[in-house]
Amino acid sequence: MPVSERTRILIVGAGPAGLVLGNLLRAADITCVIVERQSRAHVEQRGRAGFLAPDVVRVLDENGLAKGLHAAGQLHGTCAFRGEHGQFELNYGELGQRQVHTVYPQQQLVADLIAEFLDRGGDIRFGTTVTAMHGLDGDSPSIDCRETDGRTYRISGEYAAGCDGQHGVALRQMPAGAAQGFRRYHGVTWLAILAQAPPSMTAVTYAVHDRGFAGHMARSATVTRYYLQVPRGEAPGDWSDARIWDELGTRMRTGEYGPLREGPILERATVDLSSAVSVPMQYGRLFLAGDAAGLISPSAAKGANLAIVTARTLAVALTDALARDDQRGLARYSDACLPRMWHAQEFSHWMVNLLHGPAADGEDAAFMRLLQRARLVSLRDLRSHQDYFAENYVGI
Ligand code: APR
């Protein structure tokens, strides 16, 4: 396919990573094209977590990307744990570094970032799939694009950014000999539920139960996110509204703590909690950012935060390379991102162990369940554990 267009930076994917990168490049007057296989309406409505760390809010603020977030985001500094040990709240905004989350739905942030990118004269192609990437080890990488009507074309650039998640095209370009993908399935599957129902509690609530984990997270005055740990391979369709509310009630111990505010279930989907890290996050002139560079289990809601900070690091490095002929940031890109990524992975893994009991029964499982209880009691009673939790839960 002949090259039909040229730009400076090729960006695959219009999630938080691709859009933050595109906005920062436009602010530095660097031309780029963002190619996104979904429609604009689809990405602006895709409901996902929205817990943003203060460092991430600062990055968005410093780059003129936080207007909507300041207008409609809500500060959140408390979470609660329920279990056999009783219920306790952690006011993490008063612990550790005394930091709080800003809760702002990810799809709203994505909509703001798209509007701002277009205002900055950005070029974004929705409904266009990148089917192949070429010349990544040379000095003029290119991408093949296919629009929904079947039209195909090739764009070349100086660098390519893979911001297209774990199942995109960019990660598949990393040659086995040059990069290693480290991955782990945490042995836990969640049924993620969106209910047309007001929140039942004021705080994010994590319930630990011998039947499995259950979680409660407010989304808005009328919509609430719940999670239920289920066996791997379970079909979401097997979970009727009545069965979901019944199981949530048992694990949330509504007999002791009061009923849940029920409503129709809008969405139910299973997620296998898994993590993956690409080492390095770069091959030739291809740089990975966001979920493509490292996937994190949703247990500590860090995915969008890591996506935004890796995109910022990449934007600064690309700007130095293109505007100042300084390649040092690009050469260090992986080394700059990986310590933060592993630190976040370690805390997410700690959260997975805190919230979920052993999958099987037996003597070993009984021991693990008692360890889990001891961990929760330490979190309830020991200030040092609470500070550790607070610092890592909000930090990035
Ligand atoms: N061509 C074009 N676009 C693609 C392709 C492709 N071949 N493959 C994937 N995409 C697009 C997807 O449609 C998606 O919109 O890449 C985008 C990747 O966006 P995200 O999944 O939002 O990933 P990222 O920007 O890294 O943000 C990570 O989003 O996955 C959630 O919860 C996760 O919070 C985390 C954050």
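Here, the structure is the one placed above.
As a starting point, this report considers the structure included with it. None of these values were measured; they are calculated from a predicted model.

The helix and strand inventory of the chain stands at 12 helices and 21 strands. Since a compact globule built from 396 residues should have a radius of gyration of about 21 Å, the 22 Å found for the chain is in line with a globular shape. In terms of principal-axis extent, the alpha carbons of the chain reach across some 65 × 45 × 45 Å. Counting over 396 residues, the chain shows a buried share of 53%. Carbon and sulfur atoms form 48% of the exposed surface of the chain, whose accessible area is close to 16900 Å². In the chain, 40 side chains carry a positive charge and 43 a negative one; their mean positions are 1 Å apart.

Inspection of the region around the ligand gives 26 residues, with Glu36, Arg46, Arg48, Asp291 and Ala304 positioned closest. In the environment of the ligand, an oxygen atom lies 3.2 Å from a nitrogen or oxygen atom belonging to the backbone of Pro16. In this structure, Val130 approaches the ligand through a main-chain N or O atom, which is 3.0 Å from a nitrogen atom. For the ligand, the protein covers 90% of the area, taking 700 Å² as the surface of the free molecule.

Let us now look at the packing of helix 1 (residues 16-27) against helix 5 (residues 106-119). Taken N-terminus to C-terminus, the directions of helix 1 and helix 5 make an angle of 30 degrees; their axes are 9 Å apart at the nearest point. Taken together, the axes of helix 1 and helix 5 are roughly parallel relative to one another. Crossing of helix 1 over helix 5 shows left-handed handedness. Packed against helix 1, whose contacting residues are Pro16, Leu19, Val20, Gly22, Asn23 and Arg26, the element helix 5 presents Gln106, Val110, Leu113, Ile114, Glu116 and Phe117 at the interface.

Inspection of every chain in the model, using the stated rule, returns one cavity of 30 Å³ or more. Per-class residue counts for the lining of the largest cavity are three nonpolar, one polar and one charged.

All chains considered together, the criterion is met by zero disulfides. No disulfide involves Cys337; its nearest neighbouring cysteine sulfur is the one of Cys163, lying 11 Å away.

Quick look at unusual backbone geometry now. Of note, the amide linkage connecting Val279 to Pro280 takes the cis form, showing an omega dihedral of -5 degrees. Tracing the sequence through the fold places Pro280 in the loop between strand 18 (265-279) and strand 19 (282-283). Located in the positive-phi region is Ala301, a residue other than glycine, with phi close to 50 degrees. As for its position among the elements, Ala301 is in the loop between strand 21 (294-295) and helix 8 (303-324). In the Ramachandran plot, Asp325 falls in the positive-phi region, its phi being about 55 degrees despite a non-glycine side chain. Its location among the elements puts Asp325 in the loop between helix 8 and helix 9 (328-331).

So, about the nonpolar core. One broad rule of soluble globular proteins: the nonpolar side chains tend to lie buried together. Residues Ile9, Ile11, Leu21, Leu60, Met133 and Leu314 are the most contacted members of the largest nonpolar core, which totals 75 residues. Sorting elements by how many residues they give to this core places helix 8 first, with 11 residues. When near neighbours in sequence (up to four residues on either side) are disregarded, Ile11 contacts Gly18, Leu21, Gly22, Leu25, Cys32, Val33, Ile34, Val35, Ala161 and Cys163.

All right, on to the sheet that holds strand 21 then. Ordered by their spatial adjacency, eight strands build an open sheet running 7-6-15-16-17-14-18-21, and the pairing between neighbours is mixed. With partners counted over all chains shown, the strands left at the sheet margins are strand 7 (86-90) and strand 21, one partner each. As defined by bridge partners, strand 15 (residues 204-207) adjoins strand 16 (residues 214-218) across three bridges and the pair is classed as antiparallel. Residue pairing for strand 16: Tyr206 is matched across the bridge by Gly215.

This part covers the pairing of strand 3 (residues 32-35). Covered by surrounding structure in strand 3 are Cys32 and Ile34 together with Val33 and Val35, the residues of both alternating faces. As judged from the four bridges shared by strand 2 (residues 9-12) and strand 3, these two strands associate in the parallel manner. Note that in strand 3 the partner of Ile9 across the bridge is Cys32. Handedness of the crossover joining strand 2 and strand 3 through helix 1: right-handed. Note: strand 3 against strand 9 (residues 123-125), three bridges, orientation parallel. Bridge pairing in strand 9 links Ile34 to Ile124.

Now for the sheet that holds strand 1 (residues 3-6). Judged by pairing direction, the sheet is mixed, and its four strands sit side by side in the order 1-12-11-10 without closing on themselves. Strand pairing shows two members of the sheet lacking a second neighbour, strand 1 and strand 10 (128-134), which therefore form its edges. Ignoring which end each strand starts from, the neighbouring axes of this sheet average 35 degrees apart. Here strand 11 (residues 142-147) runs beside strand 12 (residues 152-156); their pairing, made up of five bridges, is antiparallel. Paired with Ser142 across the two strands is Ser156, which belongs to strand 12.

Cut-offs and rules
- Here the residue numbers are simple positions, counted from 1 along each chain's written sequence.
- It should be noted that, the model being predicted, local features are given only for residues of pLDDT at least 70 and side-chain atom pairs only at 80 or more, the latter also being counted only at that level, while totals for whole chains, interfaces and linings use all residues.
- The side-chain values count all of the structure's non-hydrogen atoms but skip hydrogen atoms and water molecules.
- The numbering of helices and of strands both runs from the N terminus, where a helix is a DSSP run of H or I of at least 4 residues and a strand a run of E of at least 2.
- We take the radius of gyration over the C-alpha atoms and set the globule estimate at 2.2 Å times the residue count to the 0.38 power.
- Throughout this description, buried means an accessible area under 20% of the type-specific maximum (1.4 Å probe, protein chains only), exposed means over 50%, and partly exposed covers the range between.
- Exposure was quantified through the Shrake-Rupley algorithm and a 1.4 Å probe, taking into account, for residues, occlusion by the shown protein chains and nothing else.
- His is not counted, nor are the chain ends; Lys and Arg add positive charge and Asp and Glu add negative charge.
- For charged residues, the charge sits on one atom: NZ in Lys, CZ in Arg, CG in Asp, CD in Glu.
- Residues are counted as near a molecule or strand when any one of their heavy atoms sits within 4 Å of it.
- Polar contacts here mean pairs of N or O atoms no more than 3.5 Å apart (in protein, one a potential hydrogen donor and the other a potential acceptor; neighbouring residues in sequence count only if both atoms are side-chain atoms).
- All axes here are fitted lines through C-alpha atoms, helices being fitted over the stretch that makes contact, and every angle between N-to-C directions spans 0 to 180 degrees.
- Oblique is the label for any angle not covered by the other classes, which are roughly parallel (under 35 degrees), roughly antiparallel (over 145) and roughly perpendicular (65 to 115).
- In a left-handed crossing the near helix is turned counterclockwise from the far helix by less than a right angle, and in a right-handed crossing that turn is clockwise.
- Residue contacts follow a heavy-atom distance rule, with two residues in contact if any of their heavy atoms lie within 4.5 Å.
- Every definition here rests on a 1 Å grid over the protein atoms only: cavities are sets of points where a 1.4 Å probe fits but cannot get out, pockets are open sets enclosed by protein on both sides within 12 Å along at least five of seven lines, and lining residues have some atom within 4 Å of a point.
- Grid points are joined across faces, edges and corners, and a volume is the space filled by probe spheres set on the points.
- In this classification, Asp, Glu, Lys and Arg are treated as charged, Ala, Val, Leu, Ile, Met, Phe, Trp, Tyr, Cys and Pro as nonpolar, and every other residue, Gly included, as polar.
- We call a pair of cysteine sulfur atoms a disulfide whenever their separation is within 2.5 Å.
- Joining through side-chain atoms within 4.5 Å is the link that ties buried Ala, Val, Leu, Ile, Met, Phe, Trp, Tyr and Cys residues into a set, and such a set is a nonpolar core.
- Whether two strands pair comes down to DSSP finding at least two bridges between them.
- Here the term right-handed applies to a crossover when the path leading from its first strand over the helix to its second strand runs clockwise, the strands being oriented away from the viewer.

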